[in-house]
Amino acid sequence: MAHSHTQQTETFTPAEAHVSGGLPPLANAAADAYNPKDKSYASVFPSKASSGKSDHQVNSELANFSSPYAPNKVATPDHEAGIKDVHRSLNAVNEASSHLSDAFTSARNGDVNGALQALRSTSADMDKGGALLDRAQPNVGDLVKGDRDAQKSTGEAFYREGRADSHIQQAEEKLRRGDIKGALKEMGTTSKEMTEEQKALHHNLAQLNHDDQTYDHLKGFKDIRAAITGGDSVTSGLNDAIHATRLGDVNGAIQSLRQSAGDLNSAGARFDSGAGNVNDLIGTDKSARNHINNGFEAERDASFHLGKAERMLRDGDIDGALKAMNRGLSNVADEQANLRTGLKRLKNDYAPGYGDQQNAPETWYNLLSQKINPADRSDNGLSSGENPRSGQGNTAWDLYEASPRPMGPYAPGKR
């Protein structure tokens, strides 16, 4: 007789139950292998197995999960953000200077509490400026690294900030002791340090903007030269308009004037493009800068006189129209003359010794030193009686100027 025995009921752990139930085993195996010390992988390997993820999902997470032991990625420098922070730092120093002025006034009037409050505001603004300059460095570090002037101006700004902060503290201590005269002396020294910091930040901004901008010098020379030769078409159209006006052909004169105005705009566009591509050279050559700016003004005057001539023709003022057209001719000639001289200076800055040569070797220097035939000037003997300028000249900012006044990051101006 066979012995009967009671069969023990089989039990399963939760993980075994998942497996036996045909659910995804990978998540459970991962859970078993999970080491709680490796917290970086907690999102992939939860401490408790979950049936909510398929093998494909877990594999996908593993493939896309970065190793915690991989080196940190370095963010791409944001030059624009960095330069803005340097400018914000300068603004903070400007604000600190304003509060320091209030502290001077209060101290001279015997208002110790008012002076202390103004000095605290001064210190807070200086700290803010320093923090912004710190924040800017990762974004402009690559620009500063290869530019000794930018390195020097950055170091100078930090150095002056530290000295100014020290003198502010000394001024506060002397105010608390009732030494008004001593406090005023410390404030005076603080003001000098802040002025030097402002200069350093101005110079730093100039250098950073200069280094951040890409200049195509040869294209700039080519565009300015095209603007000069484009003036010949403007002059030709004006001469046709004058001839038609003298013959009584008002419609023909207006048509020629419009053609001339269109040529002037086209030449002006090349001029703008060219000036933008040689702006770093313009910033370091005062003579070239003056000639280029005079060229901009002459072009603007020419545009004014062409428009004025057309209005006078429509009003029947023939003599006034002829006078305006002749002035337009004179403006175009002035523009061309200034651009020729400015271009010659810029070429010489770019390739010293070649700017004035006409027979250079057959290299790119030859391109830079080709002779440009001067446009015919209209010797009309007219004086510049009218001044159409609005007073808003297109003056270029000296990239290396370091004057202690608030200003924004440089961007080429639009006329």
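Model, not experiment: these values are computed from the prediction. (Residues numbered from 1 in each chain as written. Predicted model: local features only at pLDDT ≥ 70, side-chain atom pairs only at ≥ 80, totals over all residues. Heavy atoms only, no water.)

> Looking at this structure, I do not really get the overall build of the chain. What am I missing?
When helices and strands are counted, the chain shows 13 helices and 0 strands. Counting helices and strands in the order they occur from the N terminus, the chain gives α-α-α-α-α-α-α-α-α-α-α-α-α. When each of the 415 residues of the chain is scored for burial, the buried share is 40%. In the chain, of all internal contacts separated by at least 6 residues, the share reaching a separation of at least 24 is 77%. Counting every atom, the chain has about 23,100 Å² of accessible surface; 47% of that belongs to carbon and sulfur. (Helix = DSSP H or I, 4+ residues; strand = E, 2+ residues; numbered from the N terminus. Buried < 20%, exposed > 50% of the residue type's maximum accessible area, 1.4 Å probe, protein only. Contact = heavy atoms within 4.5 Å. Areas by Shrake-Rupley, 256 points an atom, 1.4 Å probe, with all protein chains shown as cover.)

> Sorry, what's going on with helix 11 (residues 286–315) here?
For helix 11, built from 30 residues, the straight-helix expectation of 44 Å at 1.5 Å per residue is met to within 8% by its first-to-last C-alpha distance of 43 Å. The residue sitting at the N-terminus of helix 11 and contributing the capping side-chain oxygen is aspartate 285; that oxygen lies 3.1 Å from the backbone nitrogen of serine 287. Directly after helix 11, the chain includes glycine 316, whose backbone phi takes a positive value near 85°. (Expected span 1.5 Å × (residues − 1). Polar contact = N/O pair within 3.5 Å; in protein donor to acceptor, adjacent residues only side chain to side chain.)

> Any chance you could explain the pattern of salt bridges here in plain terms?
Two side chains that carry opposite charge are able to pair once their charged atoms sit near each other. Scanning the model with the defined rule gives 14 salt bridges in all. Put simply, glutamate 310 and arginine 314 hold a salt bridge, and the shortest N to O gap is 3.1 Å. Note that glutamate 310 and arginine 314 are positioned in helix 11 at a spacing of 4 residues, about one turn of the helix. (Salt bridge = Lys/Arg side-chain N within 4 Å of Asp/Glu carboxyl O.)

> Got a minute to help me understand the nonpolar core in this structure?
Side chains of nonpolar character tend, in soluble globular proteins, to be buried together. Ranked by size, the top nonpolar core spans 32 residues in total, and within it Val86, Leu119, Met126, Leu175, Met187, Leu201 and Leu208 carry the most contacts. At the level of secondary structure, the elements contributing two or more residues to this core comprise helix 4 (79–108), helix 5 (112–145), helix 6 (148–176) and helix 7 (180–212). With residues near it in sequence (within four places) discarded, leucine 201 still touches Val86, Ser89, Leu90, Val93, Leu133 and Ala157. The next biggest cluster of nonpolar side chains, apart from the first, holds 20 residues, and it includes Leu257, Leu264, Leu322 and Leu329. (Core = buried A, V, L, I, M, F, W, Y, C linked by side-chain atoms within 4.5 Å.)

> So what exactly am I meant to see when it comes to the environment of alanine 267 here?
Considering the arrangement of structural elements, one finds alanine 267 in helix 9 (residues 250–277). For alanine 267, a relative accessible area of 8% corresponds to the buried category. In this structure, the C-alpha to C-alpha distance between alanine 267 and threonine 229, residues 38 residues apart in sequence, is 8.2 Å. In this structure alanine 267 touches Ala227 and Gly230, once residues within four positions along its chain are discounted.

> Please clarify how the packing of helix 11 against helix 12 (residues 318–350) should be interpreted in this entry.
When two helices pack together, their arrangement is captured by the angle between the axes and the distance separating the axes. Axis separation between helix 11 and helix 12 bottoms out at 7 Å; the angle between their running directions is 160°. Put simply, helix 11 runs roughly antiparallel to helix 12. Here the hand of the crossing between helix 11 and helix 12 comes out left-handed. (Axes fitted to C-alpha atoms, helices over the stretch in contact; angles between N-to-C directions. Parallel < 35°, antiparallel > 145°, perpendicular 65-115°, else oblique. Left-handed = near helix turned anticlockwise from the far one by under 90°.)

> Looking at this structure, I do not really get helix 4. What am I missing?
Since there are 3.6 residues in each turn of an α-helix, residues three or four apart along the chain are aligned in direction. Relative to the 44 Å expected for 30 residues at 1.5 Å per residue, helix 4 spans 44 Å between its end C-alpha atoms, a close match to the ideal helical length. One or two steps after helix 4, the chain reaches glycine 110, where phi turns positive at roughly 80°.

> Even after reading the chapter, I still don't get the environment of asparagine 91, so can you show me in this structure?
Counting through the fold element by element, asparagine 91 comes out in helix 4. Relative accessible area serves as the criterion here: at 28%, asparagine 91 is assigned to the partly exposed category. Once the C-alpha coordinates of asparagine 91 and leucine 201 are considered, the two residues, 110 residues apart in sequence, prove to be 9.9 Å apart.

> Explanation requested: the packing of aromatic side chains in the structure shown.
The description of an aromatic ring pair rests on the distance of the ring centres and on the angle between the ring planes. What the rule picks out here adds up to 1 aromatic pair. With a centroid separation of 4.1 Å and an interplanar angle of 15°, the aromatic rings of phenylalanine 271 and phenylalanine 296 are classed as stacked. With phenylalanine 271 in helix 9 and phenylalanine 296 in helix 11, this pair connects stretches of sequence that are 25 residues apart. On the basis of relative accessible area, phenylalanine 296 is assigned to the buried category, the value being 6%. (Phe/Tyr/Trp six-rings, centres within 6.5 Å; stacked < 30°, edge-to-face > 60°.)

> Would you take a moment to explain the confidence of the model for the chain for this structure?
Any region with low pLDDT has predicted coordinates that should not be read closely. Within the chain, residue pLDDT values average 76, and 66% of them lie at 70 or more. Segment residues 15–23 is flagged for pLDDT under 50; beyond a separation of four residues in sequence, or across chains, it makes 7 contacts in the model. (pLDDT = per-residue confidence, 0-100.)

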